[in-house]
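# Tertiary structure, described
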Amino acid sequence: MSNRITNNLACPLDGLPLILHIRQVVCANGHSFDVARQGYINLLPVQHKHSKHPGDSEAMVRARTEFLNSGAYAPIAAKLTAITHELIVEQQVAAYYLLDAGCGDGYYLAQLFATLQQQAIQREVTLLGLDISKPAIIAAAKRSKQITWLIASNKHPPLLPASIDCIVCMFGYPMYASFKPLLKPGGTIILVEAGPNHLLELREIIYPSVSQSPPPELAAAAAVGFTLKHESCLTYRETLASNAQIMNLLMMTPHFFRASQTGKQAAMQLNTIELTIDVVFRVLVQASV
Ligand SMILES: C[S@@+](CC[C@H](N)C(=O)[O-])C[C@H]1O[C@@H](n2cnc3c(N)ncnc32)[C@H](O)[C@@H]1O
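This write-up is about the structure you can find in this document. (Residues numbered from 1 in each chain as written. Predicted model: local features only at pLDDT ≥ 70, side-chain atom pairs only at ≥ 80, totals over all residues. Heavy atoms only, no water.)

Another point: helix 4 (residues 134–143). Looking at helix 4, one finds that the buried residues are Ala-136, Ile-137, Ala-139, Ala-140 and Ala-141. Buried residues in helix 4 make contact with helix 1 (58–69), strand 6 (124–131) and strand 7 (148–151). The N-cap residue of helix 4 is Ser-133: its side-chain oxygen and the backbone nitrogen of Ala-136 are 3.0 Å apart. (Buried < 20%, exposed > 50% of the residue type's maximum accessible area, 1.4 Å probe, protein only. Helix = DSSP H or I, 4+ residues; strand = E, 2+ residues; numbered from the N terminus. Contact = heavy atoms within 4.5 Å. Polar contact = N/O pair within 3.5 Å; in protein donor to acceptor, adjacent residues only side chain to side chain.)

Phi at Ile-22 takes a positive value of approximately 55 degrees, unusual for a residue other than glycine. Position of Ile-22 relative to the elements: it lies in the loop between strand 1 (19–21) and strand 2 (24–26). When its relative accessible area of 79% is taken as the criterion, Ile-22 is described as exposed. One non-glycine residue, Leu-199, lies in the positive phi region at around 55 degrees. Along the chain, Leu-199 falls in the loop between strand 9 (183–194) and helix 6 (200–206). Among the residues examined, Leu-199 registers a relative accessible area of 2% and is labelled buried.

A few words now on the site of the ligand. Neighbouring the ligand are 17 residues, the closest being Asp-56, Gly-102, Asp-131, Asn-154 and Met-170. Within the side chain of Arg-64, one N or O atom sits 3.1 Å away from an oxygen atom of the ligand. At 2.7 Å from an oxygen atom of the ligand is found a side-chain nitrogen or oxygen belonging to Asp-131. Contact with the protein chains covers 92% of the free accessible surface of the ligand, which is 600 Å². When each cavity is represented as a set of grid points, the ligand is found to reside in the largest pocket. When the residues that make up the shell around the ligand are grouped by side-chain class, the tally is 8 nonpolar, 6 polar and 3 charged. (Near = heavy atom within 4 Å. Areas by Shrake-Rupley, 256 points an atom, 1.4 Å probe, with all protein chains shown as cover. 1 Å grid on protein atoms, 1.4 Å probe; cavity = no way out; pocket = protein on both sides within 12 Å on 5 of 7 lines; lining within 4 Å. Sits in = over half its atoms within 2 Å of the grid points. Nonpolar A, V, L, I, M, F, W, Y, C, P; charged D, E, K, R; others polar.)

By themselves, these are just geometric observations and shouldn't be taken as functional.
This is the structure:
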């Protein structure tokens, strides 16, 4: 079965609509992009790459997949689904388009798709995931054939203007100025970010001292006209019962790069840890003029 390819893709070279022709998407100027054997499309032209292999490496993606498949972050996926469900029901449209910008290995979108399928929503919901990392999108394409997966950058999302109802950005790199033109009137951004106590017990082991760091401020979002509509937290305890899972978690977070060698060695000695999971969900809307 081939992957679902949505009708709102834009050529990354000239912004014209991309039309599906058998195993390629093509714009009116003749730029064409193959649908890969695995079902994704690479819409990241070389001039939008800042390195040869941008984004998460294959090893980081593997660690993320193994960690997320354990279910340790399933409550985060469930809360994302609940918020999304509310937004979909609120929005009076027949067809709802949701983009996960920086979707990683596609765990959250695949969970969202599975849950929405079980709920009787009177809307056609179309899901798209993009990530700048090729290994991440290859992993995502394995999770679902019902979702459009793109190698692309948050800075130049290859999507038609005003074609998205909701952009999800989880533990990622929101680029508000690039997101704004993609959204339909009344469109929303869901930000999911680490709260002050997220992974506190692991941070206490890998760093000499730990400060409570709040989630990023919304000044950059406000600068392009987004306001906060809703904010809520999800906090729970989770025990990781193997060194492999602890190292998978470390590897999929920025702490892997920030921690010293001594800090990482301390983590390598652990066989179990009880962690605080502390995540902040924020829904942003465009301020009405
Ligand atoms: C911390 S991971 C989060 C992945 C996923 N959202 C999750 O929570 O499992 C950040 C992701 O952003 C991707 N990324 C980094 N820079 C990006 C960019 N400019 N555009 C799109 N994705 C990017 C990385 O490849 C990585 O998959």
